[in-house]
Amino acid sequence: MQTVETLNEGLKRAFKITIPAKEIDARVDGELKKIAPQIRMPGFRPGKVPANLVRKMHGEQIQQQALETAVQESVQKLMTDNKLRPAMQPSVELEEGGEGGKDAVVKVELETLPDVPAPKIEGLKLERLSAEPAAEAVEQALDQLVQGQKSFDPAPAKYAAQTGDLVLMDYEGKVDGTPFEGGKGEGMSVELGSGRLIPGFEDQLVGVKANEQRVLNVTFPEDYNVDTLKGKAASFDVTVNEVQKPRATKADDEFAKAMGLEGIDQLRELLKGQLGQELNGLTRTHMKRKLLDQLAASHDFPVPPSMVEAEFNQIWQQLEHEASHEADPEAALKEMEAERDDYRSIAERRVRLGLLLSEIGTQNGVEITQQEMNQLIMQAAQQYRPADREKFVQYVRQDPMAAAQLRAPLFEDKVVDFLFSKAEISDRVVAREQLEAEIEADADGHVHGPDCDHDHDHKPKAKKAAAKKDVKKAVKPEVKSEAKPEAKVEAKPKKAASKNTEPAVKAKAEKPAAKKAPAKKAPAKKG
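Residues numbered from 1 in each chain as written. Predicted model: local features only at pLDDT ≥ 70, side-chain atom pairs only at ≥ 80, totals over all residues. Heavy atoms only, no water.

A. The arrangement of unusual backbone geometry in detail. The phi angle at Lys83 is positive, at roughly 50°, despite the residue not being glycine. Along the chain, Lys83 falls in the loop between helix H2 (51–81) and strand S3 (91–96). Positioned with a positive phi, Asp176 is a non-glycine residue whose angle comes to about 55°. Mapped onto the fold, Asp176 is located in the loop between strand S7 (166–175) and strand S8 (178–191). (Helix = DSSP H or I, 4+ residues; strand = E, 2+ residues; numbered from the N terminus.)

Take a look at the structure:
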């Protein structure tokens, strides 16, 4: 194998590898000898098929396999001999040869990871803003919990359904008079006014009575999750089986005991603890952003353009997705385009911070244990159908890039915790509203570039040209569970916190296709 370097500019490298034809032929001969005893052909005893016939039958396939193996091994040797650390998957191209007794000439292009300068982690100063759950917030969470645990009793026979009532029904949907797939249901229930179904559906059920039949006329939203139904007018033949009225529910000891608790005071303590965890998360988010601000301000080194491009594409896809849900998508996209260069600067910053945190972790012995990795894999596998979980586990364990992507967030958190331990931290108690305002100030400020004198760490988001569209809704409602809730209760925060703004760059890898979501209303985004 002969190697010639053809490009060495900054982080970009290129090589030309020549693999002698005799080396490839030797591989082919060796493989033919290996499989010859297994070949069966009429007129010949097992293992006695002439070599020329074996070559004629399988030579082309074996030639291709031998060439691919030779190229892979040559590229790996190139990386090892030259101590190259690719930033992304190298580009490998067969320029000529590889068959007919010709040498194979392979072109290899790549970008290498930069040599990160010694990280400056001394002298870090951070302020820890902490907040305690307010009594009003606990009561609000309790009220939300009570409202979420509604129960219903059958209404009188002639009772007309009102907003807030539960309607049990059978239905069949039609477009242009023809039933469509997924548009039929039996024994389904919906709480009127919940906004769970497509616009106009629930409104037309107000006033229905048990055993009544009614035809509802609606139009599917333009962003509906079934392409054949987007923007289509439809009718639904509905038969009301029963109407139920909500039963009054109070936040008292009886309510708490129904959840398996001792009383309402214990329930309040649980809610207070959950709100405290949320506040701790906000505190960490604020501290982490300020930490990354300081790291970004004190470190500057070249980063691989390919990694920046990949990070930018990920940011842009997120922005396009959010813009598509704006009231005026075209205006949102236009505003994004005007700030394209700013978002590319953010992508560069994210890549640099990712490389920096990785270097800090490596130099200071930060590791992910095998037990932690196994837990990460099992947790991630839960997002797939049971039948696909084992495939996902095998995929991650066999693909180093997929494993790197999975471990990256935990590794980053550990590095951040290490840096917190090295920093000088002062404490200040604030109200939740002030803590959220501090975080929002970082997230909603101007888009900062690398030369900005007060660069902030934030994840970009499409600016709102107008009020957001309603989340797309589907016809099929969720069947409300009548089971008693467990002791662990979910309390919604008073105000949704802004998204974590700019985590360090993660290793990218292709993931198995996620299971197809059912045609139901999309869950609200978490803050």
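B. Examining the packing of helix H5 (residues 264–298) against helix H11 (residues 400–422) more closely. Remark: H5 packs on H11, axes separated minimally by 11 Å, with the N-to-C direction vectors making an angle of 80°. By the angle between their axes, H5 is roughly perpendicular relative to H11. Packed against H5, whose contacting residues are Arg284, Met287, Lys288, Leu291 and Leu295, the element H11 presents Glu412, Asp413, Val416, Asp417, Leu419 and Phe420 at the interface. Split by residue class, the contact of H5 with H11 holds 6 nonpolar, no polar and 5 charged. (Axes fitted to C-alpha atoms, helices over the stretch in contact; angles between N-to-C directions. Parallel < 35°, antiparallel > 145°, perpendicular 65-115°, else oblique. Contact = heavy atoms within 4.5 Å. Nonpolar A, V, L, I, M, F, W, Y, C, P; charged D, E, K, R; others polar.)

C. Quick peek at the nonpolar core. The biggest cluster of nonpolar side chains holds 49 residues, and the ones touching the most others in it are Leu291, Leu295, Ile360, Met373 and Leu419. Listing elements by their share of this core, those giving two or more residues are H5, helix H6 (305–323), helix H7 (329–338), helix H8 (340–363), helix H9 (370–381), helix H10 (386–398) and H11. Looking at this core element by element, the count peaks at 9 residues for H8. Leave out the neighbours within four places in its chain, and Leu295 touches Lys120, Leu353, Leu356, Leu357, Ile360 and Leu419. In this structure, Ala155, Tyr159, Ile198 and Val238 belong to the second largest nonpolar core, which totals 26 residues. (Core = buried A, V, L, I, M, F, W, Y, C linked by side-chain atoms within 4.5 Å. Buried < 20%, exposed > 50% of the residue type's maximum accessible area, 1.4 Å probe, protein only.)

D. Inspection of H10 at higher detail. Along H10, the residues that are buried comprise Asp388, Phe392, Val393 and Val396. An end-on view of H10 places all buried positions within 150° of arc, on one side of the element. Looking at H10, the residues exposed on the side facing more than 90 degrees away from the buried face are Ala387, Lys391 and Gln398. Elements in contact with the buried residues of H10: H9 and H11. (Arc of directions from axis to C-beta.)

E. Region of the structure containing the pattern of salt bridges. Inspection of every chain in the model, using the stated rule, returns 28 salt bridges. Arg27 serves as the salt-bridge partner of Glu23, at 3.8 Å between the closest nitrogen and oxygen. Pair noted here: Glu23 and Arg27 are both in helix H1 (residues 21–35), with a separation of 4 residues, about one helical turn. Arg428 is the salt-bridge partner of Glu127, the closest N and O atoms lying 2.7 Å from each other. (Salt bridge = Lys/Arg side-chain N within 4 Å of Asp/Glu carboxyl O.)

F. Representation of the sheet that holds S3. One open sheet holds the 4 strands; their spatial order is S1-S2-S4-S3, and the pairing between them is antiparallel. A single partner strand is all that each edge strand has here, and the edge strands are strand S1 (2–9) and S3. Averaged over all pairs of adjacent strands, the angle between strand axes in this sheet comes to 20°, irrespective of strand direction. (Pairing = 2+ DSSP bridges.)

G. View of the environment of Arg284. Topologically, Arg284 is positioned in helix H5. Classification of Arg284 by relative accessible area gives partly exposed; the value is 26%. In sequence terms Arg284 and Arg128 are 156 residues apart; their C-alpha atoms lie 8.0 Å from each other. Leaving out residues up to four positions away in the same chain, Arg284 has contacts with Asp413, Val416, Asp417 and Phe420.

H. Geometry of the pairing of strand S2 (residues 12–19). Where S1 meets S2, 7 bridges bridge the pair, whose relative direction is antiparallel. Bridging from a neighbouring strand, Glu9 pairs with Lys12 of S2. Taking the residues that link successive antiparallel strands as the turn, the S1-S2 hairpin has 2 residues, and the phi of Gly10 there is positive, at about 60°. Taken together, the 8 bridges between S2 and strand S4 (residues 104–111) define a ladder with antiparallel strand orientation. Its bridge partner lying in S4, Lys16 is registered against Lys107.

I. Representation of the environment of Phe411 in the model. Within the secondary structure layout, Phe411 lies in helix H11. Its relative accessible area of 12% is what places Phe411 among the buried residues. Along the chain, Phe411 and Gly361 lie 50 residues apart, while their C-alpha atoms are 7.9 Å from each other. Excluding residues that lie within four positions of it along the chain, Phe411 makes contacts with Leu357, Ser358, Gly361, Thr362, Val366 and Ile368.

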